[in-house]
Amino acid sequence: MEKKNKLLIVDDEEIVRQSLKAWFLEDGYEIDIAEDAEVALRLYEKNKYDLILLDIKMPGMSGMELLVKLKEFDPEAIIILITAFASVSSAVKALKNGAYDYITKPIDPDELSHLVKNALNQKNLKDENIQLKTSIEEIIKPDNLIGESPKMKEVYSLISTVSQTDTTVLILGDSGTGKELVAKAIHLNSKRKYFPMVTVNCGALPESILESELFGHEKGAFTGAHYKRKGKFEMANGGTIFLDEIGTISLKVQIELLRVIETKEFMRVGGSESIKSDFRIIAATNENLQDLVSSGQFREDLFYRLNVFNIYLPPLRERGNDIILLAEYFLNKYSSAMNKKISSFDKEAIKFMKEYYWPGNVRELENAIERAVVVCHKDKITLDDLPFRVLKTVNEEPLTERSLEAIEKKHIEKILNDNNWNISKSAEELQIDRVTLYNKIKKYGLRKNN
Amino acid sequence: MTKVILAPINIDNLQLLDEIIPDLKNISKLDFVIEPLKIDISEAYSVERGQYHSTTILKLMIENISNQSSKVVGIVKNDLFIPVLTYVFGEAQLNGKCSLVSLFRLHEEFYSGKSDYELLKQRTIKEILHELGHNFGLIHCKDWECVMHSSSAIEEVDIKGYRYCKLCSQRIKETFEIS
């Protein structure tokens with residue numbers, strides 16, 4: 001059922017109070033009446049009114065004085081003053097004191113009806129706006145940016161410093177350390193928070209698609225462009241664009257990106273009209289951009305444009321007790337989602353989580369806990385509930401062998417397991433070529449353990 | 001069927017009311033009869049404003065028809081006001097027995113100087129059904145097609161519909177079990 005708006009009518013003349021009451025009752029409002037300022041204040045303390053109609057001339061405290069008092073109580077109160085004598089000076093004074101409007105008796109019914117409707121519409125929109133902003137803040141709170149380690153405290157301090165500015169930010173850190181969450185936190189703490197944050201995963205898109213994804217395209221710009229489409233830069237107008245895996249973009253897109261950053265203007269693919277957009281750039285990478293600049297894969301000028309303010313996210317293994325804080329957070333999140341009563345971890349599980357290398361960082365920890373909650377049938381997560389890959393590493397015995405070959409075998413096996421037997425990645429990490437790695441696997445008789 | 005009395009107050013020519021009764025019956029499914037009311041409304045007259053205070057006339061009506069069980073809609077030729085407003089088309093007791101409609105500002109001559117009898121009939125039907133709706137406990141409706149839509153200017157009277165919307169009809173039925 002629709003909520004009834006509540007009005008307070010303050011007038012010393014009984015006949016006016018009753019007339020207005022009857023008039024507004026027919027409109028479906030809830031009405032309280034007061035014959036003087038004192039009664040009005042008493043009613044106002046106990047009730048919440050959407051609008052107050054106030055006679056300016058009353059014995060005792062005048063309507064103007066009451067207006068000031070009511071505004072002190074609630075600066076958002078909507079008050080319409082009524083008077084028998086129109087005077088510009090008192091009208092100006094009333095408006096200066098915060099009245100919504102000012103009307104003279106007798107009032108044209110059409111004017112009164114529209115004035116009240118407009119005032120209430122404005123108030124309802126204002127209330128709705130506040131409510132929406134609150135719920136948006138609830139919905140978009142950055143998830144799991146958790147940790148109390150000194151390194152993370154430094155990250156929080158940098159987030160808070162840079163959020164208040166419009167500076168371009170470059171977030172550095174290994175895969176899974178939470179770079180997108182940091183970007184979100186910066187956006188949500190900035191003045192741009194009510195505008196969109198648009199994320200582009202540059203590494204996931206081939207050059208031709210990335211270009212139209214970033215800048216949009218006109219109808220018929222290329223085969224398959226059946227409709228005009230806005231690009232991510234246009235969509236981010238007013239807000240933030242987050243360019244993830246920036247190190248992977250081609251030199252051609254780098255040139256265009258540089259121009260957009262400098263001018264905040266671009267053209268859609270196949271278009272001739274220049275489009276302006278107001279956005280803030282946050283970029284992220286897990287690569288060493290300076291190395292890419294040295295090897296000619298990344299433009300130096302673009303690097304300097306992006307590297308204005310950088311935030312480095314430490315790998316999880318360097319975050320000390322944060323591992324446990326995060327594990328507890330994920331445990332709570334997944335046990336609630338799966339409606340399971342799992343409250344903690346046993347000692348062994350905690351010890352192993354603290355000692356594990358966590359190559360996949362927070363993302364790996366989250367996946368490990370989610371899986372553990374699925375398989376756990378007790379009220380505590382035990383070592384057995386943690387995924388195989390984790391156990392494999394943490395169960396590893398300390399190296400007892402003395403020969404170099406034995407140690408090499410163990411090390412290669414560990415790297416292969418860490419990379420889920422991805423030969424290219426493992427070879428890269430071991431800093432040997434793929435053929436050498438194959439030869440070593442053959443030599444040591446290593447096998448993928450399922 | 002609930003009976004509604006149309007009570008012309010100090011009006012001699014009843015042709016207009018005679019002519020609109022079939023439409024009123026047809027739209028509202030209520031039984032309308034005309035019973036002229038002779039009361040002295042001079043005490044409702046305001047010399048400064050040159051208008052009649054509608055609440056005072058309503059009070060006089062209630063005093064004169066206290067034994068009636070039907071709803072009574074008073075019809076006057078005079079211009080009506082309530083103290084805080086410049087004019088009103090009518091006034092009703094919300095959830096009560098009596099209401100009042102003024103023909104004064106329903107005449108097209110008042111606005112354009114040209115007479116339009118058909119328009120006067122349409123406006124009168126709407127205003128009678130509107131004030132009667134308040135007697136049945138209805139408040140203003142947001143539906144522009146509904147006769148209970150608020151109309152504080154003549155344009156709004158002309159724009160709104162003749163009938164009670166589904167919801168308002170339902171409310172009347174539920175409260176008074178009329179069909």
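Keep in mind that this is a model prediction, so the values were computed, not measured. (Residues numbered from 1 in each chain as written. Chains lettered and ligands numbered in written order. Predicted model: local features only at pLDDT ≥ 70, side-chain atom pairs only at ≥ 80, totals over all residues.)

Draft legend 1. Region of the structure containing the overall build of chain A. When its secondary structure is counted, chain A shows 19 helices and 16 strands. Long-range contacts, defined as pairs at least 24 residues apart, comprise 69% of the intrachain contacts of chain A with a sequence gap of at least 6. (Helix = DSSP H or I, 4+ residues; strand = E, 2+ residues; numbered from the N terminus. Contact = placed C-beta atoms within 7 Å.)

Draft legend 2. Inspection of the packing of helix α13 (residues 322–337) of chain A against helix α14 (residues 347–355) of chain A at higher detail. All names here are of chain A. The N-to-C vectors of α13 and α14 enclose an angle of 125°; their axes lie 9 Å apart at closest approach. Taken together, α13 and α14 sit at an angle that is classed as oblique. In terms of crossing hand, the pair formed by α13 and α14 is right-handed. Contact residues: α13 offers Ile323, Ile324 and Ala327, while α14 offers Ile350, Met353 and Lys354. Class assignment for the residues of the contact of α13 with α14 results in 5 nonpolar, no polar and 1 charged. (Axes fitted to C-alpha atoms, helices over the stretch in contact; angles between N-to-C directions. Parallel < 35°, antiparallel > 145°, perpendicular 65-115°, else oblique. Left-handed = near helix turned anticlockwise from the far one by under 90°. Nonpolar A, V, L, I, M, F, W, Y, C, P; charged D, E, K, R; others polar.)

Draft legend 3. Molecular detail of the sheet that holds strand β3 (residues 45–46) of chain B. Residue and element names in this part refer to chain B. Ordered by their spatial adjacency, 3 strands build an open sheet running β3-β4-β6, and the pairing between neighbours is mixed. The open sheet has two edge strands with one neighbour each: β3 and β6 (80–81). Where β3 and strand β4 (residues 51–53) come together, 2 bridges link them in antiparallel fashion. The partner of Ser46 across the bridge, within β4, is Gln51. Its contacts with the sheet put helix α2 (residues 54–64) on β4 and β6, and the angle it makes with β4 is roughly 55°. (Pairing = 2+ DSSP bridges.)

Draft legend 4. The arrangement of the interface of chain A and chain B in detail. Facing 17 residues of chain A, the contacting portion of chain B comprises 16 residues. For the side of chain A that touches chain B, the secondary structure elements donating two or more residues are α1 (14–26) and α5 (109–139) of chain A. A per-class count over the side of chain A that touches chain B returns 9 nonpolar, 3 polar and 5 charged.

Draft legend 5. Spotlight on the environment of Leu365 of chain A. Residue and element names in this part refer to chain A. Considering the arrangement of structural elements, one finds Leu365 in helix α15 (residues 361–375). Residues Leu365 and Met353, 12 residues apart in the sequence, show an inter-C-alpha distance of 8.7 Å. Once you skip the residues sitting within four places of it in the chain, Leu365 turns out to touch Leu316, Ile323, Leu326, Ala327, Phe330 and Trp358.

Draft legend 6. Representation of the confidence of the model for chain B in the model. Here chain B averages 91 in pLDDT, and 96% of its residues register 70 or above. Across the interfaces of the predicted complex, the ipTM metric reaches 0.79, alongside a pTM of 0.54. (pLDDT = per-residue confidence, 0-100.)

Draft legend 7. Up close: unusual backbone geometry. All names here are of chain A. Note that the residue after Lys105, namely Pro106, is joined by a cis bond; omega there is -10°. Looking at where Pro106 falls in the secondary structure, it is placed in the loop between β5 (101–104) and α5. Non-glycine residue Glu245 carries a positive phi angle of around 55°. Structurally, Glu245 is set in the loop between β10 (240–244) and α10 (251–263). Positive phi, normally seen in glycine, also occurs at Asn361, with a value near 55°. Along the polypeptide, Asn361 turns up in helix α15. You can call Asn361 buried: it has 22 C-beta atoms within 10 Å. (Buried ≥ 20, exposed ≤ 12 C-beta atoms within 10 Å, placed from the backbone.)

Draft legend 8. Region of the structure containing the sheet that holds β10 of chain A. All names here are of chain A. Across the sheet, which stays open at both edges, the 5 strands sit in the order β7-β10-β13-β6-β14 with parallel pairing between neighbours. Strand pairing shows two members of the sheet lacking a second neighbour, β7 (197–201) and β14 (309–313), which therefore form its edges. On average, each strand axis in the sheet is tilted by 20° relative to the strand beside it, whichever way the strands run. In terms of strand pairing, strand β6 (residues 169–173) meets strand β13 (residues 280–285) through 4 bridges, oriented parallel. When the bridges of β13 are listed, Leu170 appears paired with Ala283.

Draft legend 9. Region of the structure containing the packing of helix α2 (residues 37–46) of chain A against helix α3 (residues 63–73) of chain A. All names here are of chain A. Contact pair α2 / α3: the axes reach a minimum separation of 11 Å and the direction vectors enclose 15°. Here α2 is positioned roughly parallel relative to α3, judged by the angle of their axes. Relative to α3, the crossing made by α2 is right-handed. Each of Ala37, Ala40, Leu41 and Tyr44 in α2 lies in contact with α3, whose residues at this interface are Glu65, Leu66, Lys69, Leu70 and Phe73. Here the residues of the contact of α2 with α3 are counted per class, giving 7 nonpolar, no polar and 2 charged.

Draft legend 10. Representation of the environment of His149 of chain B within the structure. All names here are of chain B. Structurally, the position occupied by His149 is in the loop between α4 (117–135) and α5 (154–159). Sequence spacing of His149 and Cys165 is 16 residues, and the spatial spacing of their C-alpha atoms is 9.7 Å. Other than its neighbours up to four places away in sequence, His149 contacts His140, Cys141, Asp143, Trp144 and Lys160.

Draft legend 11. Local environment of helix α19 (residues 434–444) of chain A. Counting buried positions along α19 of chain A yields 1 of 11 residues, so the element is predominantly exposed. Downstream of α19 of chain A by one or two residues, Gly445 of chain A has phi in the positive range, about 60°.

Draft legend 12. Here's a closer look at the nonpolar core. Residues and elements named next belong to chain A. Judged by nonpolar contacts, the single largest core of 80 residues is most densely connected at Ile52, Leu53, Ile79 and Leu81. Looking at which element gives the most residues to this core, the answer is α1, with 5 residues. Aside from chain neighbours lying at most four places away, what touches Ile79 is Ile52, Leu54, Leu67, Leu70, Ala99 and Tyr100. Counting 39 residues, the second largest nonpolar core, distinct from the first, contains Phe242, Ile246, Phe266 and Ala284. (Core = buried A, V, L, I, M, F, W, Y, C linked by C-beta atoms within 7 Å.)

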